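# Architecture at a glance
Single-letter residue listing:
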Amino acid sequence: MHVVILGGTGFIGSALARALLARGDTVTIPSRAPRAAVVQGIVHAPWNGRDPESLARLLEGAQAVVNLLGENIAGGRWTPQRKARIVDSRVAAGQAVAAALGARNGGGLPTVLVQASAVGYYGAWPDMATAPRCGEDDPPGTGFLAQTCARWEASSAPAQAMGVRRCIIRSGVVLGTGGALARMLPAFRAWLGGPLGSGRQPFPWIHLTDEVGAILHLLDTPSCSGPYNLAAPQAVDNAGFTAELNRAVGRPAWLPAPPAPAFALRLALGELAQEALLAGQVAPSDRLTDSGHTFRFPTLRAALADLLAP
Ligand code: NDP
């Protein structure tokens with residue numbers, strides 16, 4: 001299969017490209033800064049993230065598209081300019097995918113589109129004890145992330161009317177050798193990693209291997225379409241995640257790290273802290289597992305042991 005991965009230079013996309021290559025598939029990665037490195041089976045192509053005509057040409061011969069493109073949400077305080085980039089990069093790419101597919105309609109269309117989203121779709125819940133179990137049929141929540149996810153998901157929706165099977169992945173925090181874990185580890189290794197605020201907010205997580213495995217499963221399974229929560233079966237809150245990560249880096253349980261006060265996080269990071277650090281979602285992946293996907297790392301302890309192995 002030939003797969004076009006938008007956002008294929010990123011943390012998840014590059015792991016997905018490696019996995020596709022390992023099983024004999026080929027990949028095109030459109031990018032603002034295409035890599036020069038030559039890897040057999042991967043074509044890097046210049047693309048500005050929004051132009052449908054050049055994207056339509058890149059889709060020539062592709063059986064699948066995976067759209068992971070988006071400005072990083074954790075890149076700093078959500079100023080109006082950063083918020084605009086977070087929304088606009090995602091909506092522009094989704095609309096470009098739909099328009100590029102439309103331009104190719106009748107001339108050999110990919111059969112499947114995997115569209116990224118996030119569990120933030122369901123809103124920001126500050127306490128795991130009272131947070132709802134969010135299922136894929138639930139409506140979007142309130143707040144910037146929820147509204148961004150709703151617009152992001154809608155951006156490529158016209159692909160469905162063209163008969164393209166569209167799967168939406170609502171991911172939790174992806175744990176791998178990069179991404180959020182790489183940003184957290186220095187503090188935890190210095191024994192400075194405490195819970196954030198009350199520590200009661202849900203912390204939906206998924207190992208990168210399972211994130212990639214789920215995307216491959218959705219690409220390969222013709223009966224799959226629509227939204228899928230991607231979060232590991234073991235639901236934890238922020239304090240539970242913090243305790244497990246401290247254990248994994250060797251900090252003794254009798255020496256707990258002090259929490260980072262919520263007011264200080266809000267002062268430093270504003271809305272980003274309020275929605276992404278001091279709140280979370282409980283979003284079980286029942287629909288994904290019912291469709292036949294098995295998690296390789298269902299527990300946080302096993303996931304961290306794998307990721308922190310020397
Ligand atoms: P990365 O930030 O690692 O990669 C995102 C990619 O998008 C980059 O490779 C970049 O490609 C492209 N990009 C970024 N900003 C822009 C922009 N302003 N205009 C055009 N292109 C842009 O993301 P991840 O791999 O971590 O995540 C992939 C997607 O999954 C993201 O949309 C993210 O929101 C979502 N997600 C990620 C989670 C996680 O824990 N990592 C959790 C839930 C959802 P290039 O620079 O080559 O053009």
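Each residue is numbered by its place in its chain's sequence as written, counting from 1. Totals for whole chains, interfaces and linings use every residue, but because this is a predicted model, local features are given only for residues with pLDDT of at least 70 and side-chain atom pairs only at 80 or more, for both listing and counting. Hydrogens and waters are ignored; side-chain quantities use all the structure's heavy atoms.

Let's shift gears to the nonpolar core. The term nonpolar core refers to a set of buried residues drawn from Ala, Val, Leu, Ile, Met, Phe, Trp, Tyr and Cys, joined through side-chain atoms within 4.5 Å. Each residue gets one of three labels from its accessible area relative to the maximum for its type: buried under 20%, exposed over 50%, partly exposed in between, using a 1.4 Å probe on protein chains only. Counting residues in each nonpolar core, the largest one holds 39 residues, and the members touching the most others are Ile5, Val66 and Leu219. Under the scheme used here, helices are H or I runs from DSSP no shorter than 4 residues and strands are E runs no shorter than 2 residues, and both carry numbers assigned from the N terminus. For this core, the element with the most residues is helix α7 (residues 208-220), which contributes seven residues. Formed by 17 residues, the second largest nonpolar core is a distinct cluster that contains Val4, Trp47, Ala93 and Ala100.

Glancing now at the side chain of Ser117. Take Ser117: it is sitting in strand β5 (residues 112-118). Residue class for Ser117 comes out buried when judged on its relative accessible area of 5%. Polar contacts, as counted here, are pairs of nitrogen or oxygen atoms within 3.5 Å of one another; within protein the pair requires one atom able to donate a hydrogen and one able to accept it, and residues that are adjacent in sequence qualify only if both atoms are side-chain atoms. Looking at Ser117, its side chain comes within polar contact range of the side chain of Glu153, at 2.7 Å. Ignoring anything within four residues of it in the chain, the contact list for Ser117 reads Cys149, Trp152, Glu153, Ile168, Ile169, Arg170 and Ser171. In what follows, a contact means two residues having at least one pair of non-hydrogen atoms within 4.5 Å.

What follows is about the environment of Phe203. In this fold, Phe203 is placed in the loop between α6 (179-189) and β8 (205-207). C-alpha of Phe203 to C-alpha of Gly270: the two residues are 67 residues apart in sequence and 19 Å apart in space. Residues contacting Phe203, with those up to four places away along its chain left out, are Val173, Met184, Val236, Asp237, Asn238 and Phe241.

Moving on: the environment of Leu16. Here Leu16 lies in helix α1 (residues 11-22). In this structure the C-alpha to C-alpha distance between Leu16 and Asp127, which are 111 residues apart in sequence, comes to 33 Å. Those residues in contact with Leu16, other than ones at most four positions away along the chain, are Ile5, Val66, Val212, Ile215 and Leu216.

Moving on, we get to the UniProt feature "domain: DUF1731" (unreviewed entry) in the protein chain. According to UniProt, the positions carrying the feature "domain: DUF1731" (unreviewed entry) are residues 260-307. For the annotated span residues 260-307, helix accounts for 58% and strand for 0% of the residues, and the straight-line distance between the end C-alpha atoms is 24 Å. UniProt positions are given in the numbering used here, feature names are shortened, and annotations may be inferred rather than shown by experiment.

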